[in-house]
Amino acid sequence: MHKSIIIGTGPAGLTAAIYLARANMNPLIIEGPEPGGQLTTTTEVENFPGFPEGIMGPELMENMRKQAERFGAAFITGWVNSVDLSQRPFKLQVEGHGEIVGESLIISTGASAKYLGIPGEKDNVGKGVSTCATCDGFFFRGKKIIVVGGGDSAMEEANFLTRFATNVELVHRRDELRASKIMQDRARENEKISWSLNRTPVEVIANGMGVTGLKVLNNETGEEEVIETNGLFVAIGHTPNTKFLNGQIDTDEHGYIKVKPGSTETNVPGVFACGDVQDNKYRQAITAAGSGCMAALDCERFLEGSSTHDWSQSGK
Ligand code: NAP
């Protein structure tokens, strides 16, 4: 029996862990298959306050983990197969660890950027292929960039990237965009954005040093074409990691956990959500960390008011 369990070790989960551990809540943190979350797939993080020279993503996450451990947070690694949130204490089935029981639960499982799944893409993540313009746009100053996607994310990323790039080519598989009118208009008014519509990406081309082009299928002519580029930003959406909840927590139509406005409370008392798993809008390391702090404070207050267990007997 644990007082508090945190699932996920991105900036949200680790910040919650630091706060709960410091408050003697002895959190157990369950790390998934991608410890550290999305930041471990980026290179340098230049916009996390407190690091004027920037810090490498994996190093930032390692530091947060050490900080949580320093205050007594315990970590286990395992895939959470299922949860039973029908009554407290909550029960989790964790691969390699069996059933784990907790009085409260913080969900910080994040969201995963969708990839195209084409040859050359995954091999070049961090070497020209990115799913985060805010994280990596700066590295493409004075270069040519392709953004793939036809939704609001693609419009937003394309607009943002024109601050750095000489030209941003927007590649979309249909001739119609899914993005809202206002976002489309903004992109269309931007002279640095050019359009390759009706083009389906088929292969990322690289020369070992970095990305040099994107091979696309022209859906009008049926011919393959190569669009030259230095960088490829894939902006085809994110998937929040909420499947394991099996509908026991309210989510929006995209699967993001709904929280009470201004808090991290979900519809189940004692279950809190923070970070990208409940944020479809900001998706930044610093906002995730901030919401992790909120979740820890919400959780602490909840436990103070409604413990079902005599903690003096277990020492936890
Ligand atoms: P989205 O609306 O689902 O759009 C994804 C785009 O990627 C679609 O155009 C889709 O093409 C394309 N796509 C998907 N899979 C693909 C594949 N395998 N190959 C090529 N193209 C593929 O996702 P999103 O743009 O991330 O937006 C998600 C939600 O967040 C939306 O509700 C959006 O309004 C919101 N959002 C809002 C803002 C804002 O207001 N500032 C900013 C970002 C996101 P098809 O159109 O052909 O399906």
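Residues numbered from 1 in each chain as written. Predicted model: local features only at pLDDT ≥ 70, side-chain atom pairs only at ≥ 80, totals over all residues. Heavy atoms only, no water.

### Describing the packing of helix α4 (residues 152-161) against helix α5 (residues 181-189)
Moving on, step 1. Direction vectors running N to C along α4 and α5 enclose 30°, while the axes themselves pass 9 Å from each other. It follows that α4 is roughly parallel to α5 by the angle criterion. The interaxial crossing formed by α4 with α5 has left-handed handedness. Counting all contacts with α4, which are made through Asp-152, Met-155, Glu-156 and Asn-159, the residues of α5 involved are Met-183, Gln-184, Arg-186 and Ala-187.
Moving on, step 2. In terms of residue class, the contact of α4 with α5 is built from three nonpolar, two polar and three charged. (Axes fitted to C-alpha atoms, helices over the stretch in contact; angles between N-to-C directions. Helix = DSSP H or I, 4+ residues; strand = E, 2+ residues; numbered from the N terminus. Parallel < 35°, antiparallel > 145°, perpendicular 65-115°, else oblique. Left-handed = near helix turned anticlockwise from the far one by under 90°. Contact = heavy atoms within 4.5 Å. Nonpolar A, V, L, I, M, F, W, Y, C, P; charged D, E, K, R; others polar.)

### Side note on the sheet that holds strand β10 (residues 129-130)
Moving on, step 1. Spatially, β10-β17-β11-β12-β13 is the arrangement adopted by the five strands of the open sheet, whose pairing is parallel. The outermost strands of the open sheet, each flanked by one partner alone, are β10 and β13 (193-196).
Moving on, step 2. Relative to strand β12 (residues 167-171), strand β11 (residues 144-148) runs parallel, the two being bridged by five bridges. Note on β12: the bridge partner recorded for Ile-145 is Val-168. (Pairing = 2+ DSSP bridges.)

### Regarding α4
Moving on, step 1. Counting buried positions along α4 gives seven out of 10 residues, so the element sits mostly inside the fold.
Moving on, step 2. Every buried residue of α4 is accounted for by Ala-154, Met-155, Glu-157, Ala-158, Asn-159, Phe-160 and Leu-161.
Moving on, step 3. The inward-facing, buried residues of α4 contact α3 (133-136), β11, β12, α5, β13 and β17 (231-234). (Buried < 20%, exposed > 50% of the residue type's maximum accessible area, 1.4 Å probe, protein only.)

### Notes on the sheet that holds strand β15 (residues 211-218)
Moving on, step 1. Strand order in this open sheet of three strands is β14-β15-β16, and the pairing throughout is antiparallel. Of all the strands in the sheet, the pair left with one neighbour each is β14 (199-206) and β16 (224-228). The mean inter-strand angle of the sheet, taken between neighbouring strand axes irrespective of direction, is 30°.
Moving on, step 2. As paired strands, β15 and β16 are joined by five bridges and run antiparallel to one another. Paired with Lys-215 across the two strands is Val-226, which belongs to β16.

### A word on a positive patch on the surface
Moving on, step 1. Residues Lys-114, Arg-173, Arg-174 and Arg-178 make up a contiguous surface patch of positive charge.
Moving on, step 2. In this fold, Arg-178 is placed in the loop between β12 and α5. (Patch = residues over 30% accessible without salt bridge, like charges linked within 9 Å, V, L, I, M, F, W, Y side chains within 5 Å. Areas by Shrake-Rupley, 256 points an atom, 1.4 Å probe, with all protein chains shown as cover. Salt bridge = Lys/Arg side-chain N within 4 Å of Asp/Glu carboxyl O. Lys, Arg positive; Asp, Glu negative; His and termini not counted. Charge placed at Lys NZ, Arg CZ, Asp CG, Glu CD.)

### Considerations on unusual backbone geometry
Moving on, step 1. Geometrically, the link from Arg-88 to Pro-89 is a cis peptide bond, its omega value of -5° lying close to zero.
Moving on, step 2. Relative to the assigned elements, Pro-89 resides in the loop between β6 (80-84) and β7 (90-94).
Moving on, step 3. In this structure, Asn-198 is a non-glycine residue whose phi angle is positive, near 60°.
Moving on, step 4. Inspection of the secondary structure puts Asn-198 in the loop between β13 and β14.

### So, the side chain of Ser-108
Moving on, step 1. Relative to the assigned elements, Ser-108 resides in the loop between β8 (98-107) and β9 (111-113).
Moving on, step 2. The contact partners of Ser-108, leaving out residues within four places of it in the chain, are Ile-6, Ile-7, Gly-8, Thr-9, Ala-12, Gly-13, Cys-274 and Val-277.

### Thoughts on the site of the ligand
Moving on, step 1. Taken together, 16 residues sit near the ligand, with Asp-152, Ser-153, Arg-173, Arg-174 and Arg-178 positioned nearest.
Moving on, step 2. For the ligand, an oxygen atom lies 2.9 Å from a polar atom in the side chain of Arg-173.
Moving on, step 3. Side-chain polar atom of Arg-174 to an oxygen atom of the ligand: 2.7 Å apart, as the coordinates give it.
Moving on, step 4. Relative to its unbound accessible area of 910 Å², the ligand is 72% covered by the protein chains.
Moving on, step 5. For the shell around the ligand, the leading source of residues is α4, giving three residues. (Near = heavy atom within 4 Å. Polar contact = N/O pair within 3.5 Å; in protein donor to acceptor, adjacent residues only side chain to side chain.)

### Quick word on the pattern of salt bridges
Moving on, step 1. For the structure on display, the rule yields seven salt bridges.
Moving on, step 2. One salt bridge connects Arg-65 with Glu-69, and the closest N-O pair in it is separated by 2.6 Å. Of this pair, Arg-65 and Glu-69 both sit in helix α2 (residues 57-70), separated by four residues, roughly a single helical turn.
Moving on, step 3. For Glu-69, a relative accessible area of 37% corresponds to the partly exposed category.
Moving on, step 4. Of the charged contacts in the structure, one is a salt bridge between Lys-260 and Glu-265, with a shortest N-O distance of 3.1 Å.
Moving on, step 5. Using a relative accessible area of 49% as the deciding quantity, one classes Lys-260 as partly exposed.
Moving on, step 6. A relative accessible area of 29% means that Glu-265 is categorised as partly exposed.
Moving on, step 7. Shared partners join several salt bridges into a network, and the residues in it are Glu-31, Arg-65 and Glu-69.

### Brief notes about the environment of Pro-11
Moving on, step 1. With respect to the helices, strands and loops of the structure, Pro-11 is situated in helix α1 (residues 11-22).
Moving on, step 2. Take Pro-11: its relative accessible area is 11%, and that puts it in the buried class.
Moving on, step 3. Measuring from C-alpha to C-alpha, the distance between Pro-11 and Met-61 comes to 7.0 Å, with 50 residues separating the pair along the chain.
Moving on, step 4. Discounting residues that sit within four places of it in the chain, Pro-11 has contacts with Gly-36, Leu-39, Met-61, Met-64, Ala-285, Ala-288 and Ala-289.

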